[in-house]
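# Notes for the structure review
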Amino acid sequence: MSGRVRAYGIVIWDRSGEQAPAEVATIREVARHAWLDLRAVSVVGSANLSVLLASFATSGIDVVIVPIVLRPTGWLDAVRRDCDVWTLSPPGYWPRIHASEVAGEFIASSGLC
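Residues numbered from 1 in each chain as written. Predicted model: local features only at pLDDT ≥ 70, side-chain atom pairs only at ≥ 80, totals over all residues. Heavy atoms only, no water.

### Describing the nonpolar core
In globular proteins that are soluble, nonpolar side chains generally tend to be buried together. Residues I10, F56, V64, W75 and V79 are the most contacted members of the largest nonpolar core, which totals 18 residues. When residues of this core are traced back to their parent elements, those giving at least two are β1 (6-12), α3 (49-54), β3 (63-66) and α4 (74-79). Residues within four places of I10 in sequence aside, it is in contact with I27, S42, V44, L49, L52, L53, F56, V64, I65, V66 and P67. Grouped together as the second largest cluster of nonpolar side chains are twelve residues, I27, V30, A31 and I65 included. (Core = buried A, V, L, I, M, F, W, Y, C linked by side-chain atoms within 4.5 Å. Buried < 20%, exposed > 50% of the residue type's maximum accessible area, 1.4 Å probe, protein only. Helix = DSSP H or I, 4+ residues; strand = E, 2+ residues; numbered from the N terminus. Contact = heavy atoms within 4.5 Å.)

What follows is the structure, given as structure tokens:
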């Protein structure tokens, strides 16, 4: 078993369309450079997103990498109970929400998260 941080990439097809293959490649590259143990990258429609996100609570995933999140949404707050959410554009991350804490704000990064 790897001691590295486990990650999972998500590209939402409804928003990405033809950009999805490039976004998948970028997620893989970010994970490689950050020494993350990237378990998979899924390209999903927004209708199937909730089923995928529900699986993270018991999966051991620590980081979810997505192409873009400009503002908090319902799914973002839900997944942050189990994982940090890294974004490619803008580069940075939304930190995990711990039970006793208020949701943290986006933390910008000048390089890889």
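### Focus: the side chain of S42
For S42, the location among the structural elements is in strand β2 (residues 37-44). Judged by its relative accessible area of 16%, S42 is buried. In this structure, S42 is in contact with Y8, G9, I10, V11 and L52, ignoring residues within four places of it in sequence.

### Regarding the packing of aromatic side chains
A full pass over the atoms with the stated rule returns two aromatic pairs. Ring geometry for Y8 and F56: centres 5.2 Å apart, planes at 65 degrees, overall edge-to-face. Here Y8 is found in strand β1, whereas its partner F56 is found in the loop between α3 and β3, with 48 residues between them in sequence. We note that Y8, like F56, is buried. (Phe/Tyr/Trp six-rings, centres within 6.5 Å; stacked < 30°, edge-to-face > 60°.)

### A closer look at the environment of A47
Its location among the elements puts A47 in the loop between β2 and α3. Between the alpha carbons of A47 and I12 there is a distance of 9.6 Å; along the sequence they are 35 residues apart.

### Digging into the sheet that holds β3
In spatial order, the strands read β2-β1-β3-β4-β5-β6; together these six strands make up an open sheet with mixed pairing. Looking at the sheet topology across the chains shown, the edges are occupied by β2 and β6 (107-108). Alignment of β1 against β2, held across seven bridges, turns out to be parallel. Pairing of V11 across the sheet is with V43, part of β2. (Pairing = 2+ DSSP bridges.)

### Observations regarding unusual backbone geometry
Put simply, S89 and P90 share a cis peptide bond, and its omega is -5 degrees. Position of P90 relative to the elements: it lies in the loop between β4 (84-87) and β5 (92-94). Non-glycine residue W35 carries a positive phi angle of around 60 degrees. Within the secondary structure, W35 is located in the loop between α2 (20-33) and β2. Given a relative accessible area of 63%, W35 falls into the exposed group.

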